[in-house]
Amino acid sequence: MSGIGSGAAEDPAPFPGEVRLRTTADLADPRLAPYTTLTDAALRRDADAAHGVFLAESSPVVRRALDAGHTPRSFLLGDRYRETFADVIAAHPGVPVFTGPDQVLTALTGFHLHRGALAAMDRPAPRSVTDVLAGARRVLIAEDLVDHTNLGAVVRSAVALGWDALLLTPRAADPLYRRAIRVSMGTVFRLSWARTDGPLEDVLRSLRAAGFATAALEVTDRALGLDAPGLEPIRTADRLALVLGQEGPGVRPETLAAVDAHVVIPMPEGVDSLNVAAAAAVALWELRARRADR
Ligand SMILES: C[S@@+](CC[C@H](N)C(=O)[O-])C[C@H]1O[C@@H](n2cnc3c(N)ncnc32)[C@H](O)[C@@H]1O
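Procedures and definitions
Residues numbered from 1 in each chain as written. Predicted model: local features only at pLDDT ≥ 70, side-chain atom pairs only at ≥ 80, totals over all residues. Heavy atoms only, no water. Pairing = 2+ DSSP bridges. Helix = DSSP H or I, 4+ residues; strand = E, 2+ residues; numbered from the N terminus. Contact = heavy atoms within 4.5 Å. Axes fitted to C-alpha atoms, helices over the stretch in contact; angles between N-to-C directions. UniProt positions renumbered as here; feature names shortened; annotations may be inferred. Domains from an automatic or database assignment. Buried area = accessible area lost by both parts, 1.4 Å probe. Salt bridge = Lys/Arg side-chain N within 4 Å of Asp/Glu carboxyl O. Buried < 20%, exposed > 50% of the residue type's maximum accessible area, 1.4 Å probe, protein only. Near = heavy atom within 4 Å. Polar contact = N/O pair within 3.5 Å; in protein donor to acceptor, adjacent residues only side chain to side chain. Areas by Shrake-Rupley, 256 points an atom, 1.4 Å probe, with all protein chains shown as cover. Nonpolar A, V, L, I, M, F, W, Y, C, P; charged D, E, K, R; others polar.

**Some thoughts on the sheet that holds strand β9 (residues 213-217)**
The pairing of strands in a sheet happens through backbone hydrogen bonds and is either parallel or antiparallel. The parallel open sheet is built from seven strands, whose spatial order is β8-β7-β6-β11-β9-β12-β10. If you trace the sheet from one side to the other, it starts and ends with β8 (192-195) and β10 (224-225), each paired once. Pairing between β9 and strand β11 (residues 240-244): five bridges, direction parallel. Across the sheet, the residue bridging to L217 is L244, located in β11. Against the sheet, helix α6 (residues 148-160) contacts β6 (138-142), β7 (165-168) and β11, and its axis sits at roughly 155° relative to β7. Helix α11 (residues 276-286) rests against β6, β9 and β11 of the sheet, and its axis sits at about 160° to β11.

In structure tokens, the structure reads:
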């Protein structure tokens, strides 16, 4: 792209669609509104909904979002990253590109944009549970998982280990919150997911009716060890839905009562639990869909 990297290094010529942010006075542009309150998850939830956006952070994550077909509304880049993003900008003519020095971007976003790149993207329309379950053989259910870092790590493992879909209860964190996306390394763009509505017990009943075996990953008295022979019907089920519990309280008693089996990752005496994302990674591998050719 002409202009990038040409001319004086400290003030390269702008490229099409570029708005150079030089002082905090330049931050009044209303198109920058999606980039404020980035460090507050609660405010972000409202802001993302109000603006109908999600934010992709870091060059690889922005590229994965674009590869997955998401529509950028604008890009925000540290000056140092202008050249490395030239191909992306050239591929999206007409999309505003805001660039600026670190201190101006920090004043806008509230944190140091050390990964250099953000993109505000149109938030996709929510999908229905029925839609994401179609053809799925392995479905993970995040019951009230409230931590975005945990959720991002769970998503990354689910995609890497071949699980097909993720259902989230209404209280669970947002998979398209900036931090969750980043921790997932953008794998969230490859995963079918939907929010459930109403009591999870009802959803589990519907899953059963659709031919799913149902299990909760939890430390309980009746839980079968992940490597126990008695778990074979769950391990080999053609369709399986697995519930993960909330950090702290774990899987709700009503949910534990509604599933076919409880599954525990055996731990030494005196150890209470694993982090939920670590537990998920272990269980998702062991309970993956087995195919004849593997
Ligand atoms: C951190 S745990 C919840 C806290 C746990 N109830 C306790 O008292 O330590 C969060 C979730 O991680 C999963 N989990 C953690 N360790 C596990 C284990 N050893 N076996 C099965 N699930 C586990 C379960 O889904 C659980 O609901």
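**Focus: the UniProt feature "domain: tRNA/rRNA methyltransferase SpoU type" (unreviewed entry) in the protein chain**
UniProt tags residues 139-285 as "domain: tRNA/rRNA methyltransferase SpoU type" (unreviewed entry). The span residues 139-285 is 33% helix and 19% strand, and its two end C-alpha atoms sit 13 Å from each other.

**Section: the domain arrangement of the protein chain**
The assigned domain composition of the protein chain is domain 1 (18-122) and domain 2 (129-286). One C-alpha centre belongs to domain 1, the other to domain 2; they are set 32 Å apart. A combined buried area of about 1,300 Å² lies between domain 1 and domain 2, and 59% of that area is made up of carbon and sulfur atoms. For the pair domain 1 and domain 2, the interface holds two salt bridges.

**Side note on the environment of S206**
When you line up the elements, S206 lands in helix α8 (residues 200-209). On the basis of relative accessible area, S206 is assigned to the partly exposed category, the value being 46%. Residues S206 and T130, spaced 76 residues apart in sequence, show a C-alpha to C-alpha distance of 9.9 Å.

**Describing the sheet that holds strand β4 (residues 97-100)**
If you walk across this open sheet you meet the five strands as β1-β4-β3-β5-β2, and the pairing is mixed. Both outer strands of the open sheet, β1 (18-20) and β2 (53-57), are each paired with one neighbouring strand and no more. Shown here is a sheet whose adjacent strand axes are inclined to one another by a mean of 20°, direction ignored. Direction of pairing for β1 relative to β4: parallel, over a ladder of three bridges.

**Remarks on the site of the ligand**
With respect to spatial proximity, 18 residues lie near the ligand, and among them L217, E218, I265, S273 and L274 are the closest. E218 places a polar side-chain atom, nitrogen or oxygen, 2.6 Å from an oxygen atom of the ligand. Contact between the ligand and G248: a nitrogen atom at 3.5 Å from a main-chain N or O atom of the residue. If the ligand stood free it would expose 570 Å²; the protein chains cover 85% of that surface. Elements supplying a minimum of two residues to the shell around the ligand: β12 (261-264) and α11. Its residues placed into classes, the shell around the ligand shows eleven nonpolar, five polar and two charged.

**Remarks on the pairing of β9**
With five of its five residues buried, β9 lies for the most part within the structure. Neither face of β9 is left uncovered, since the one carrying A213, A215 and L217 and the one carrying T214 and A216 both have all their residues buried. Direction of pairing for β9 relative to β12: parallel, over a ladder of three bridges. In the strand pairing of β12, A216 is matched with H262.

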